[in-house]
Amino acid sequence: MTLVIGVLALQGDFAEHLAALQRLGVEGRDVHRPADLAGVAGLIIPGGESTTIGRLLERWELVEPIRAFAQSGRPIWGTCAGLILLAREVVAETRARYQPLLGLLDVVVRRNAFGSQRESFECDVLVEPLGLPPLRAVFIRAPLVETVGPTVEVLARLPDGAPVAVKQGHLIGTAFHPELTDDLRFHQWFCSLATKTANIQ
Ligand code: GLN
């Protein structure tokens, strides 16, 4: 059976994720409607504007289908805005007046947490399951993970200790954008998680 990975394609940099999957030889599917989730083994929620994506999720009635997708045990990976959407909570003063969340991952995030001088920056981070060499991580108006629940593993941190990649079972969040570099290891690792779950089911 061919592995199909869905990429939520409502707003943001979904095309870059689809391109990364293509370079890996994995079939990517842009997800616009609940029916697009059928036959998908894992779902990527891209970076972009979490407020806009959240509102579009509601408009296209995707909130409950994505929660059911998570419930089925298939992996979901959110990058940047995608991490915000997966979070249980957004720190109140950074949450938009109307900001729907999927609320699946037991973390609290602060939006746009890096001051204007560091709005966008890059650094090397060691991502535990990927090993060496460290990954070049691109941050763009990134959220800060302020609180992680007891069952959340931290996979990568900034030099100051801030978590920038987290995993809770089959739910993964990164504050940075692996889809914007040529390093395909993060996508490859996510696809291998999706393959494992697909083989169990
Ligand atoms: N700042 C954006 C938000 O809060 C996220 C930025 C990104 O995805 N690169 O939604």
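Details of the structure are given in the entry above.
Residue numbering note: each chain is counted from 1, following its sequence as written. Per-residue local features of the predicted model are confined to residues with pLDDT of at least 70, and side-chain atom pairs are confined, for both listing and counting, to 80 or more; whole-chain, interface and lining totals are unaffected and use all residues. The basis for every side-chain value is the complete set of heavy atoms in the structure, and neither hydrogens nor water enter the calculation.

## A short note on the sheet that holds strand S5 (residues 87-90)
With mixed pairing, three strands are arranged side by side in an open sheet as S5-S6-S9. Lying at the two open borders of the sheet, with one neighbouring strand each, are S5 and strand S9 (144-148). The mean inter-strand angle of the sheet, taken between neighbouring strand axes irrespective of direction, is 35°. Of the strand pairs in this sheet, strand S6 (residues 105-110) and S9 are connected by four bridges, and their pairing is antiparallel. Across the sheet, Arg110 pairs through a bridge with Leu144, a residue of S9. Here, any two strands with at least 2 DSSP bridges between them count as paired. Under the DSSP-based scheme used, a helix requires at least four consecutive residues in state H or I and a strand at least two consecutive residues in state E, with every element numbered from the N terminus. Every axis corresponds to a line fitted to the C-alpha atoms, with the helix fit spanning only the stretch in contact, and the corresponding angles, defined between N-to-C directions, vary from 0 to 180 degrees.

## Digging into the environment of Leu62
When you line up the elements, Leu62 lands in the loop between helix H2 (50-59) and helix H3 (63-71). For the pair formed by Leu62 and Gly173, sequence separation is 111 residues and the distance between their alpha carbons is 19 Å. Those residues in contact with Leu62, other than ones at most four positions away along the chain, are Leu8, Leu10, Val31, His32, Arg33, Pro34, Leu37 and Leu57. Throughout, a residue-residue contact means that at least one pair of heavy atoms, one from each residue, lies within 4.5 Å.

## Brief notes about the site of the ligand
Nearness of a residue to a molecule or strand requires only that one of the residue's heavy atoms be within 4 Å of it. Taken together, the neighbourhood of the ligand is formed by Gly47, Gly48, Glu49, Ser50, Cys80, Ala81, Ile84, Arg111, Asn112, Ile140, Arg141 and His177. Side-chain atoms alone can form a polar contact between residues adjacent in sequence; in general such a contact is a pair of N or O atoms within 3.5 Å, and within protein one must be able to donate a hydrogen while the other accepts it. Here Gly48 contributes a backbone N or O atom positioned 2.9 Å from an oxygen atom of the ligand. Between the ligand and Arg111, the relevant distance is 2.7 Å, taken from an oxygen atom to a side-chain nitrogen or oxygen of the residue. Summarising the interface, the protein chains cover 95% of the accessible area of the ligand, which totals 300 Å² for the free molecule. If you map the ligand onto the pockets, it falls in the second largest pocket. Using the Shrake-Rupley algorithm and a 1.4 Å probe, accessible areas are obtained, with residue cover drawn only from the displayed protein chains. In the cavity and pocket records, a cavity denotes points on a 1 Å grid over the protein atoms alone where a 1.4 Å probe fits but cannot get out, a pocket denotes an open set with protein on both sides within 12 Å along at least 5 of 7 lines, and lining residues are residues with an atom within 4 Å of a point. Those molecules having more than half of their atoms within 2 Å of a cavity or pocket grid point set are described as sitting in that cavity or pocket.

## Considerations on the packing of helix H1 (residues 14-24) against helix H5 (residues 185-200)
The interhelical angle for the contact between H1 and H5, taken along N-to-C directions, is 75°, at an axis separation of 10 Å. What the angle tells us is that H1 and H5 run roughly perpendicular. Residues His17, Ala20, Leu21 and Leu24 of H1 form the contact with H5, whose participating residues are His187, Gln188 and Cys191. In terms of residue class, the contact of H1 with H5 is made up of four nonpolar, three polar and no charged. If an angle is under 35 degrees, it is roughly parallel; if it is over 145, roughly antiparallel; if it lies from 65 to 115, roughly perpendicular; otherwise it is oblique. Amino acid classes used here: Ala, Val, Leu, Ile, Met, Phe, Trp, Tyr, Cys and Pro are nonpolar; Asp, Glu, Lys and Arg are charged; the rest, including Gly, are polar.

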